[in-house]
Amino acid sequence: MSSSLILTNSFFFTLGTFLIIYLLDKPMLLTYKKGIPVFALLVLIIVRLIFPYEFHFTKTIPSKTILPFVRQIEQLHIANGLILKELFLVVWFSVSVILLIHTLYKHRQFIKVISLLPCVKDKEVVEMFLSFCKEQNLKKVPKLVRFNNYTSPTIVGFMNPMIIMPSNLSKEEIKFTLLHELEHYKHHHLLLKIFVEIAFILYWWHPLTWILKMNVIQALELQADAYVTQNLSDEDTFAYTHTLVNMACRRNKQESAFSMTFATCAGVTKKRMLSLTDGIRLKGTTILLKQKLLIFSSVALLLLSILFTFEASHINPDNVVGSSTMETSKTYFLKIPNGNNDFYIDG
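On a predicted model such as this, the values are computed, not experimentally measured, just so you know.

K.L.:
Break down the pattern of salt bridges for me, citing the residues and quoting the values.
P.N.:
In total, this model carries 6 salt bridges according to the counting rule given. Among the salt bridges present, the one from Lys 271 reaches Asp 25, with a minimum N-O distance of 3.4 Å. Residue Lys 271 is found in helix H11 (residues 266-277), and its partner Asp 25 is found in the loop between helix H1 (3-24) and helix H2 (27-31); the two are separated by 246 residues along the sequence. A salt bridge links Glu 221 to Arg 272; its shortest N-O distance comes to 3.7 Å. With Glu 221 in helix H9 (residues 207-229) and Arg 272 in helix H11, the pair connects residues that are 51 residues apart, well separated along the chain. Its relative accessible area of 0% is what places Arg 272 among the buried residues.

Written out as structure tokens, the structure is:
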């Protein structure tokens, strides 16, 4: 992968991410059309980041200042014939591999632990859970297990979903947290989180991947909260908000990057509470013209990233061995009667 392609891809990703972060911060957009426009854009931006492919129809735009300067910097010799570009690629690849191994190892250890957990045997809780699954028309019912050492309900496992419930929750907290985790499962939030995590592992050096990751987690929580409270009374919504506050201080010590837990950090919990107290509901949700324009702008950026790419407008001296240059003022293409062209130099 050339440095020009990396920089071009990062440039369009940066612009697109600024727009998508703004959109993810608007609770109304997360419930508009089930959040499909925003999350579809998110997926497309990440796909473009992970697969920066140049198509045959992609047009090249020459860069006369920035990219030539970058080319000079990346060719700086570090030691023993090693140049800066090679060092960057080695560090990039090495850290990505370390992050991937660490993430998969922690997830596997987590799965090993919870696979040994007993199923919830409380008849009332099981009946409540099954009724919720039936109301949601779920084709596959997640496994419901009990973990006494856990403090916050968690869902994990995209292929084989499992909801982990602590043992110290009240009936009301069990009700709200089960509804919340089932919304995560129903709307494939775990798949979206895995997708974002992969992008983060591959592009750990880009500051916006860190910010995007946190904003996506917040957006998924906001959407789940909105779906849970859409049919609740004001009194029950207040009780749900109270559950959020109680759970905020019950963060689990052991989690997986591919799981979602009800308890979130203070900043995300505050945002969730404000969204609920502001009366965000699914019914009658509308979006402003400015937000629609931002969505179309994001789509336009994606198209531009496919149609255009930047390249340095100079030729590296190391690549001109055996070639020659020509002055355009003395070089001509002349069309001849048979339809072909004659090429004249100094002529």
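K.L.:
An account of the nonpolar core is needed here, citing residue identities and associated values.
P.N.:
The tendency in soluble globular proteins is for nonpolar side chains to be buried as a group. Of all hydrophobic cores here, the largest spans 63 residues; its most connected members are Ile 20, Leu 24 and Leu 178. When sequence neighbours within four positions are dropped, the list of residues in contact with Ile 20 reads Val 38, Leu 41, Leu 42, Ile 45 and Leu 212. Listed in part, the 9 residues of the second largest apolar core include Ile 114, Val 145, Tyr 150 and Val 156.

K.L.:
Quick rundown of the side chain of Gln 218? Include the residues and the values.
P.N.:
Its location among the elements puts Gln 218 in helix H9. Owing to a relative accessible area of 11%, Gln 218 belongs among the buried residues under this scheme. If we ignore the near neighbours within four places in the chain, the residues touching Gln 218 are Asp 25, Val 268 and Lys 271.

K.L.:
Could you give me a rundown of H11, with the residues and numbers involved?
P.N.:
Here H11 is 12 residues long and its end C-alpha atoms lie 16 Å apart, about the 16 Å a rise of 1.5 Å per residue gives. Of the residues making up H11, those classed as buried are Val 268, Thr 269, Arg 272, Ser 275 and Leu 276. The arc enclosing the buried residues of H11, seen along the axis, measures out at 125°, which places them on a common side. Seen from the buried face of H11, the exposed residues on the opposite side, beyond 90 degrees, are Ala 266, Lys 270 and Thr 277. Packed against the buried residues of H11 are H2, helix H7 (171-186), H9 and helix H10 (234-248).

K.L.:
Provide a residue-level description of empty space enclosed by the protein, including the pertinent values.
P.N.:
A complete count under the given rule lists 3 cavities of 30 Å³ or more for this structure. The computed volume of the largest cavity comes to approximately 80 Å³. Taken together, Asn 9, Phe 12, Phe 13, Gly 16, Ile 45, Arg 48, Leu 49, Ser 298, Leu 301, Leu 302 and Ser 305 make up the full set of residues lining the largest cavity. Elements represented by at least two residues in the lining of the largest cavity include exactly H1, helix H3 (36-50) and helix H12 (289-307).

K.L.:
Please provide a residue-by-residue account of a nonpolar patch on the surface, values included.
P.N.:
Taken together, the side chains of Tyr 53, Phe 55, Phe 57, Ile 61, Val 299, Leu 303, Leu 304, Leu 307 and Phe 308 present a nonpolar region at the surface, about 740 Å² in accessible area. With 4 residues, the top contributor of residues to the nonpolar patch is H12. With respect to the helices, strands and loops of the structure, Phe 308 is situated in strand E8 (residues 308-312). Given a relative accessible area of 30%, Phe 308 falls into the partly exposed group.

K.L.:
Which residues make up the packing of aromatic side chains, and what are the values?
P.N.:
Considering all chains together, one arrives at 10 aromatic pairs under this definition. Relative to Phe 262, the ring of Tyr 240 lies with its centre 6.1 Å away and its plane at 85°, an arrangement referred to as edge-to-face. Within this pair, whereas Tyr 240 is found in helix H10, its partner Phe 262 is found in the loop between strand E7 (259-261) and H11, the two being separated by 22 residues in sequence. When sorted by exposure, Tyr 240 lands in the same class as Phe 262, which is buried. An aromatic cluster of at least three residues, connected via ring pairs, comprises Phe 88, Trp 92, Tyr 203 and Trp 205. In this arrangement the basic side chain of Lys 213 is found over the ring face of Phe 200, its NZ or CZ atom lying 4.4 Å from the centre.

K.L.:
So what about the layout of surface pockets? Which residues, and what values?
P.N.:
With a probe scaled to a water molecule rolled over the atoms, the places where space remains empty come into view. Computed from the structure, the largest pocket encloses a volume of approximately 540 Å³. Taken together, 23 residues make up the lining of the largest pocket; nearest its centre are Lys 193, Lys 213, Glu 255, Ser 256 and Ala 257. Taken together, the residues that form the lining of the largest pocket break down as 10 nonpolar, 6 polar and 7 charged.

K.L.:
Help me get a handle on unusual backbone geometry, residues and values and all.
P.N.:
Backbone geometry at Lys 33 places phi at a positive 55°, although glycine is not the residue there. Looking at the element boundaries, Lys 33 is found in the loop between H2 and H3. A relative accessible area of 55% places Lys 33 in the exposed class.

The rules behind each value
Residues numbered from 1 in each chain as written. Predicted model: local features only at pLDDT ≥ 70, side-chain atom pairs only at ≥ 80, totals over all residues. Heavy atoms only, no water. Salt bridge = Lys/Arg side-chain N within 4 Å of Asp/Glu carboxyl O. Helix = DSSP H or I, 4+ residues; strand = E, 2+ residues; numbered from the N terminus. Buried < 20%, exposed > 50% of the residue type's maximum accessible area, 1.4 Å probe, protein only. Core = buried A, V, L, I, M, F, W, Y, C linked by side-chain atoms within 4.5 Å. Contact = heavy atoms within 4.5 Å. Expected span 1.5 Å × (residues − 1). Arc of directions from axis to C-beta. 1 Å grid on protein atoms, 1.4 Å probe; cavity = no way out; pocket = protein on both sides within 12 Å on 5 of 7 lines; lining within 4 Å. Points joined across faces, edges and corners; volume = space filled by probe spheres on them. Patch = residues over 30% accessible without salt bridge, like charges linked within 9 Å, V, L, I, M, F, W, Y side chains within 5 Å. Areas by Shrake-Rupley, 256 points an atom, 1.4 Å probe, with all protein chains shown as cover. Phe/Tyr/Trp six-rings, centres within 6.5 Å; stacked < 30°, edge-to-face > 60°. Lys NZ or Arg CZ within 6 Å of the ring centre and 35° of its normal. Nonpolar A, V, L, I, M, F, W, Y, C, P; charged D, E, K, R; others polar.

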